[in-house]
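# Structural characterization, general
One letter stands for each residue in the lines below.
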Amino acid sequence: MALESARTGVRRCRADVESTRIDLNTGYKGSDGRAYSELIGDWETQVDKILGNLDEMIVNLQTNVQEVNRNQQAVNEAINNARATGNPTYHALMGR
């Protein structure tokens, strides 16, 4: 959730900067206006990298959670099977 919140915040900031750049481009002419626009373009390129990294981390964490859940389910099934089948090792550990 923290990564998704960060991603949302970065996207919001990017949209604000983009809006400001568009507003200023209409009235900000000359070499300084062009330089400012290039600076914002460079910044947006870096933001896109950050957003890509956040997206990748979110996918990796979701995959990890799914894998942990599958492992827990497999362990629970193994424990239940040991109980149900009368596994001698399980019964010895349980004092039966």
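The coordinates are above.
In what follows, the accompanying structure is described. Worth saying up front: this structure is predicted, and the values here are computed from it rather than measured. (Residues numbered from 1 in each chain as written. Predicted model: local features only at pLDDT ≥ 70, side-chain atom pairs only at ≥ 80, totals over all residues. Heavy atoms only, no water.)

## A few points about the pattern of salt bridges
One pass over the full model with this rule turns up 5 salt bridges. We note a salt bridge from Asp-48 to Arg-14, for which the minimum N-O separation is 3.0 Å. Separated by 34 residues along the polypeptide, Asp-48 in helix H2 (residues 30-85) and Arg-14 in helix H1 (residues 2-27) bring together distant segments of the chain. Overall, Asp-48 belongs to the partly exposed group, its relative accessible area being 39%. Glu-44 is paired through a salt bridge with Arg-21; the nearest N and O atoms lie 3.8 Å apart. With Glu-44 in helix H2 and Arg-21 in helix H1, this residue pair connects regions lying 23 residues apart in the sequence. Accessibility assignment for this pair places Glu-44 and Arg-21 in one class, buried. Because the salt bridges share partners, they merge into one network encompassing Arg-7, Arg-11 and Asp-55. (Salt bridge = Lys/Arg side-chain N within 4 Å of Asp/Glu carboxyl O. Helix = DSSP H or I, 4+ residues; strand = E, 2+ residues; numbered from the N terminus. Buried < 20%, exposed > 50% of the residue type's maximum accessible area, 1.4 Å probe, protein only.)

## Re the packing of H1 against H2
Where H1 meets H2, the closest approach of the two axes is 10 Å, and the angle between their N-to-C directions is 160 degrees. One way to sum up the angle between H1 and H2 is to call them roughly antiparallel. The element H1 and its partner H2 pack so that their crossing is left-handed. Taken together, the residues that form the contact of H1 with H2 break down as 15 nonpolar, 4 polar and 9 charged. (Axes fitted to C-alpha atoms, helices over the stretch in contact; angles between N-to-C directions. Parallel < 35°, antiparallel > 145°, perpendicular 65-115°, else oblique. Left-handed = near helix turned anticlockwise from the far one by under 90°. Nonpolar A, V, L, I, M, F, W, Y, C, P; charged D, E, K, R; others polar.)

Nothing here speaks to function; it is geometry throughout.
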